[in-house]
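Spelled out, the chains give:
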Amino acid sequence: GGISPLVGNLVNLEGIKVYGNRLNGSIPNDIGNLVKLQYVDLSGNKFSGEFPPEIANLRALKMLRLSANPISGVIPDAIGNLTELESIELDDTNISGYEVPTGLHYLKKLKLLNIERANVSWGFVETVLALYDLTSITVAKLGYNPIRNSGRTVAGVAFCEVLYEKERYILSSFRPGKSRFVIT
């Protein structure tokens, strides 16, 4: 079974945690009605279909974890509406995309971005630059994706060390006056 579309009627719900329950089907669009949601953990199930763009309505959301589900599609630019978001975990999914979502720049409280083993082919330098301005980010897990090297340089990113190891880029950056972040 899956999540009933009637979940959208639970307008005072602040958290959903149903990881590892073998739930299937698509994530109901009605989840976008739950504007008080702060935590969503649907990881380790069998949810399929497109990344629900209605998630961008959840402006109180702090943690979004959809890991280990065969969901597909791109992360919508409207993800930038989630200004309270601290953690996005989309690892082991079929999320795709060729461009860094422009909304990523607005997630000023984001501490963790995990898209390992998804199917994104963002430009490496573009990703670094998108994350560089997010002063709260401490970990970005991008490994095992077809991240492409656009041939651009990381100009303006001070104290940046980039290693290429086992088909993964590892970047450690010390930002003057800002926190350190690591991309693996």
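About the thresholds
- Residues numbered from 1 in each chain as written.
- Predicted model: local features only at pLDDT ≥ 70, side-chain atom pairs only at ≥ 80, totals over all residues.
- Heavy atoms only, no water.
- Helix = DSSP H or I, 4+ residues; strand = E, 2+ residues; numbered from the N terminus.
- Contact = heavy atoms within 4.5 Å.
- Buried < 20%, exposed > 50% of the residue type's maximum accessible area, 1.4 Å probe, protein only.
- Core = buried A, V, L, I, M, F, W, Y, C linked by side-chain atoms within 4.5 Å.

A. View of the side chain of E89. Mapped onto the fold, E89 is located in strand β7 (residues 87-89). In contact with E89, not counting residues within four places along its chain, are L64, R65, L66, S67, L112 and N114.

B. A look at unusual backbone geometry. The phi angle at A68 is positive, at roughly 55 degrees, despite the residue not being glycine. By the element assignment, A68 lies in the loop between β5 (63-65) and β6 (72-74). Here D92, not a glycine, exhibits a phi torsion of approximately 55 degrees, which is positive. Within the secondary structure, D92 sits in the loop between β7 and β8 (94-97). On the accessibility criterion, D92 (33% relative accessible area) is partly exposed.

C. View of the nonpolar core. The biggest cluster of nonpolar side chains holds 40 residues, and the ones touching the most others in it are L61, L66 and L113. Contact partners of L61, with chain neighbours within four places excluded, come to L37, Q38, Y39, V40, I55, L82, E84 and L85.

So, to be careful, I would describe these as geometric facts and stop short of saying anything about function.
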